[in-house]
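Given next are the chains, with one letter for each unit.
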Amino acid sequence: MNKEDSKNQGRPFGFDTRMLHAGHIPDATTGARAVPIYQTTSYVFDSADYAAQLFDLKQYGNIYTRINNPTTAVFEERMASLEEGAGSVATASGMAAQLTTMMTLLEPGDEVVASQHLYGGTRTQFVHTFRKLGVTARFVDPDDFDAWEAAITPRTKVLYGETIGNPQGSVLDMERLAALGRANYLPLVVDNTFATPYLCRPLTFGANIVIHSATKFIGGHGNSIAGVIVESGEFDYSHYGTVSSPSPSYHGLRFYDTFGHHAFLMKARVETLRDTGACLSPFNAFLLIQGLETLSLRMDRHVQNAMAVAAFLEEHPKVDWVAYPGLESSPYHTLANKYLPQGPGSVFSFGLSGEGEAVRAKGKIFIEALDLFSHLANVGDARSLVIHPASTTHQQLSDEELAASGIAPGMIRLSVGLETKKDLLWDLDQALHAI
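Residues numbered from 1 in each chain as written. Predicted model: local features only at pLDDT ≥ 70, side-chain atom pairs only at ≥ 80, totals over all residues. Heavy atoms only, no water.

Q: Before we go on, may I ask you to explain the overall build of the chain in this structure?
A: What the chain contains, in helices and strands, is 18 helices and 14 strands. For a compact globule of 435 residues, the expected C-alpha radius of gyration is about 22 Å, and the chain comes in at 22 Å, within 12% of that figure. Projected onto its principal axes, the C-alpha coordinates of the chain cover approximately 70 × 55 × 40 Å. Here the chain holds 435 residues, and 56% of them are scored as buried. Pairs at least 24 apart in sequence give 71% of the contacts found in the chain among residues at least 6 apart. Counting only carbon and sulfur atoms, one obtains 51% of the accessible surface of the chain, whose full area is about 18,000 Å². Side chains of the chain carry 33 positive and 47 negative charges; the gap between the two charge centres is 3 Å. (Helix = DSSP H or I, 4+ residues; strand = E, 2+ residues; numbered from the N terminus. Rg over C-alpha atoms; globule rule 2.2 N^0.38 Å. Buried < 20%, exposed > 50% of the residue type's maximum accessible area, 1.4 Å probe, protein only. Contact = heavy atoms within 4.5 Å. Areas by Shrake-Rupley, 256 points an atom, 1.4 Å probe, with all protein chains shown as cover. Lys, Arg positive; Asp, Glu negative; His and termini not counted. Charge placed at Lys NZ, Arg CZ, Asp CG, Glu CD.)

Right, here's the structure in full:
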């Protein structure tokens, strides 16, 4: 039940209906209502001719779970429906989704222009891993569109940003950036992890590819590592050699000529995913499907709790600043109202008052005094989480890179969970008083 299916049936089904039903028809043989876990590596071919057609991409079907799997396919179709895309490819992690996307689009000598406000692991991948592949990343202030335009060169192939910057809480002006991409024939890739398709659908604002660390809010319970790529099907890849040129691994097949608006996704699946092996396990796909079934309910509660926590911290005497776009004091409040009208997620940062080593010491005391907030390197869990980015998620960055990325020594990042609101405020208050 993707978007087109619902139209063909005469009814455009709502988000909540699609998060429960899209991509799956109950098993006709057993009558099982839940999506089965097809825990298999491989599949029996009906005939030698059928097998040959599968491997020659002349027939769609299952070959090997490293490429596709029936359980994973339900998750992929459901994500495509919720993001309102043409299709999707699931991967073993969010970092794998990112790398699969870029390896499908780029070749040695190419460049990426990216927002400075990125997850530390993303920046490290773009700088160090990309360098090994002969690709250069240029980072710009996401609010400075003159800088975006100035950074574009004849070698630029991708524009990249996060819907909600991690951990600065900036909101990407996607419509404006997508227009810049179209003017330069460049695809805009957006990491929508913090927002999820319930709070924001970047493809509807002109983005071409959306990626997620499905480990976070999509799964929602901190038990599965996963990623997913969703593509709009609307970008013209005819001038992209990586997608339109003859493929040596398929006897000169031209993906764009053969698969049209599915060319990028097919290339990502049957070449990049096939060769890197970063596939999602069927069991994790099953767990992610369970997470999707309550996504809207959880995100509403996440946002309600986050708004209460942010407002509480903003008034607390031991807090210097709060970077949550849901607050009217945020410079991104207007953009948040435009792109995230149901709320800007539940991951944000705040700063303890003080400077240098003194504020670092305060941060340690604060984190260790918390009872309900778990100190760990993740976000998007049903439980509330806390971390100190400068010494953990972004510790691989230099002092200069930390400053450019907006990571202050006293910055604390929260991922507000689903607990009772009053209990979360109590925990934060008692930990602040412990300083």
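Q: Would you take a moment to explain the packing of helix α5 (residues 94-105) against helix α12 (residues 263-276) for this structure?
A: Two elements in contact, α5 and α12, have axes whose closest approach is 9 Å; the angle formed by their N-to-C orientations is 110 degrees. On the basis of the axis angle, α5 is roughly perpendicular to α12. Helix-helix and strand crossings are classified by hand; for α5 and α12 the assignment is right-handed. Residue-level inspection shows T100, T101, M103, T104 and L105 of α5 in contact with α12, the latter providing F264, K267, A268, T272 and T276. (Axes fitted to C-alpha atoms, helices over the stretch in contact; angles between N-to-C directions. Parallel < 35°, antiparallel > 145°, perpendicular 65-115°, else oblique. Left-handed = near helix turned anticlockwise from the far one by under 90°.)

Q: Would you mind showing me how to read the pattern of salt bridges here?
A: Any two side chains of opposite charge can pair if their charged atoms end up close together. All chains considered together, the criterion is met by 10 salt bridges. Residues E175 and K338 are paired through a salt bridge, measuring 2.7 Å at the closest nitrogen-oxygen approach. Placement of E175 in helix α8 (residues 174-183) and of K338 in helix α15 (residues 333-339) is noted, with a sequence separation of 163 residues between them. Residue K338 is classed as partly exposed on the basis of its relative accessible area, which comes to 39%. Residue D381 is joined to R383 by a salt bridge in which the shortest nitrogen-to-oxygen separation is 3.1 Å. Overall, D381 belongs to the buried group, its relative accessible area being 6%. (Salt bridge = Lys/Arg side-chain N within 4 Å of Asp/Glu carboxyl O.)

Q: Help me understand the packing of aromatic side chains in this model?
A: We describe a pair of aromatic rings using the distance from one ring centre to the other and the angle between the two ring planes. This model, assessed by the stated rule, comprises 14 aromatic pairs. Measuring from ring centre to ring centre gives 6.0 Å for F45 and F55, while their planes differ by 80 degrees; the resulting arrangement is edge-to-face. Of this pair, F45 sits in the loop between α2 (15-21) and α3 (48-55) while F55 sits in helix α3; the two residues are 10 residues apart in sequence, bridging distant segments of the chain. Seen in terms of ring centroids, Y324 and F348 are 5.0 Å apart; in terms of plane orientation they differ by 50 degrees. Their pairing is tilted. Pair noted here: Y324 is in the loop between β10 (319-323) and α15 and F348 is in strand β11 (residues 347-352), with a separation of 24 residues, a long-range link. Each member of the aromatic cluster is reached from another via a ring pair, and the members are F235, Y237, Y240 and F264. The ring centre of F139 lies 4.1 Å from the NZ or CZ of R123, which sits over that ring. Over the face of the ring belonging to Y240 we find K157, whose NZ or CZ atom lies 5.5 Å from the ring centre. (Phe/Tyr/Trp six-rings, centres within 6.5 Å; stacked < 30°, edge-to-face > 60°. Lys NZ or Arg CZ within 6 Å of the ring centre and 35° of its normal.)

Q: How should the nonpolar core be read in this particular structure?
A: For soluble globular proteins, nonpolar side chains are generally found buried alongside one another. Membership of the largest hydrophobic core comes to 116 residues, with the highest contact counts inside it found for F75, F126, F348, F366 and L414. Composition of this core by domain shows at least three residues from each of domain 1 (14-292) and domain 2 (295-434). Setting aside residues up to four positions removed in sequence, F348 forms contacts with A306, V309, A310, L313, V322, A323, Y324, I412, R413, L414 and V416. (Core = buried A, V, L, I, M, F, W, Y, C linked by side-chain atoms within 4.5 Å. Domains from an automatic or database assignment.)

Q: Could you clarify how one ought to interpret the sheet that holds strand β14 (residues 411-415) in this entry?
A: Think of a sheet as strands paired side by side through backbone hydrogen bonds, with each pair either parallel or antiparallel. Here we have 5 strands laid out as an open sheet, ordered β10-β11-β14-β13-β12, and mixed in their pairing. A single partner strand is all that each edge strand has here, and the edge strands are β10 and β12 (374-375). Bridging between β10 and β11 involves 4 bridges; their strand directions are antiparallel. The residue of β11 that forms the bridge with W321 is G351. Against the sheet, helix α14 (residues 295-314) makes contact with β10, β11 and β14, and its axis sits at roughly 10 degrees relative to β11, the strand it touches most. In the packing of helix α16 (residues 356-369) onto the sheet, contacts are made with β11, β12, β13 (385-387) and β14, and the angle to β11 comes to roughly 125 degrees. (Pairing = 2+ DSSP bridges.)

Q: I tried to follow the environment of D191 on my own but got confused; where do I start?
A: As for its position among the elements, D191 is in strand β5 (residues 188-191). Residue classification places D191 among the buried residues on the basis of a relative accessible area of 13%. Through-space distance from the C-alpha of D191 to that of G165 is 9.2 Å; in sequence the pair is 26 residues apart. When residues no more than four places from it in sequence are discounted, the contact partners of D191 are Y160, G161, E162, T163 and I211.

Q: Can you help me understand unusual backbone geometry in this one?
A: As a rule of thumb, non-glycine residues mostly have phi less than zero, and peptide bonds are mostly trans rather than cis. Although it is not a glycine, L57 adopts a positive phi angle of roughly 60 degrees. With respect to the helices and strands, L57 occurs in the loop between α3 and α4 (70-83). Unusually for a residue other than glycine, E84 sits at a positive phi of about 60 degrees. Looking at the secondary structure, you find E84 in the loop between α4 and β1 (87-91).

Q: Looking at this model, I keep getting lost on the sheet that holds strand β7 (residues 227-231). Mind explaining?
A: Taken in spatial order, the 7 strands make up an open sheet running β1-β7-β6-β5-β4-β2-β3, and their pairing is mixed. Whereas interior strands pair on both sides, the edge strands pair on one side only; in this sheet they are β1 and β3 (136-140). Across this sheet, the average inter-strand angle for adjacent strands is 20 degrees, counted without regard to direction. Relative to strand β6 (residues 209-212), β5 runs parallel, the two sharing 3 bridges. Bridged to V189 within β6 is I209. Across the face of the sheet, α4 comes into contact with β1, β6 and β7 while running at roughly 130 degrees to β1.

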